[in-house]
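Structural characterization, general
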Amino acid sequence: MLDPIHFAEDLRVTQQMIGDWDNGLFERNDDLAGVAYWYLDRPIGVDGQIGTREERRPR
């Protein structure tokens, strides 16, 4: 990552999506996704199982 953003407790990001069309500017409705990684000094509460297909379905 070229420009890491370091934070200690939480992070809030607000992004305004503006598009340009022949009739002028408009607010876009794009889907965005993000991911965060963290590292532990030792495994805690991890047994190596990812669960069944049904258990992994979105709720």
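Anything mentioned here points back to the structure above.
Just so you know, the residues in each chain are numbered from 1, in the order the chain's sequence is written. In keeping with the predicted nature of the model, local features appear solely for residues at pLDDT of at least 70, side-chain atom pairs appear and are counted solely at 80 or more, and the whole-chain, interface and lining totals rest on all residues. The basis for the side-chain values is all heavy atoms of the structure; hydrogens and waters are excluded.

A count of helical and extended segments in the protein chain gives zero helices and two strands. As defined in this context, the radius of gyration uses C-alpha atoms, and a globule is described by 2.2 Å times the residue total to the power 0.38. For the protein chain, the C-alpha radius of gyration of 19 Å lies well beyond 10 Å, the compact-globule estimate for 59 residues. Principal-axis analysis of the C-alpha atoms places the extent of the protein chain at approximately 55 × 35 × 20 Å. Residues counted as buried form 3% of the 59 residues belonging to the protein chain. Neither His nor the chain ends contribute to the count of charged residues, in which Lys and Arg are positive and Asp and Glu negative. Just so you know, the charge point we use is NZ for Lys, CZ for Arg, CG for Asp and CD for Glu. Side chains of the protein chain give 7 positive and 12 negative charges; the mean places of these two sets differ by 10 Å. Strands are runs of DSSP state E lasting at least 2 residues, helices are runs of H or I lasting at least 4, and numbering of each runs from the N terminus. Think of it in three bands: with a 1.4 Å probe and only protein chains considered, a residue is buried below 20% of the maximum accessible area for its type, exposed above 50%, and partly exposed in between.

Looking now at the pairing of strand β2 (residues 24-27). In this sheet, β2 lies alongside strand β1 (residues 18-21) in antiparallel orientation, the contact comprising four bridges. Bridge pairing links I18 to E27 in β2. At least two bridges found by DSSP between two strands is the condition for calling them paired. Here β1 hands over to β2 after two residues, the two strands then running antiparallel side by side.

Our focus in this paragraph is the pattern of salt bridges. By salt bridge we mean one thing: a side-chain nitrogen of Lys or Arg within 4 Å of a carboxyl oxygen of Asp or Glu. This structure, assessed with the given rule, holds two salt bridges. Among the salt bridges present, the one from E54 reaches R57, with a minimum N-O distance of 4.0 Å. There is no split in this pair, since E54 and R57 are both exposed.

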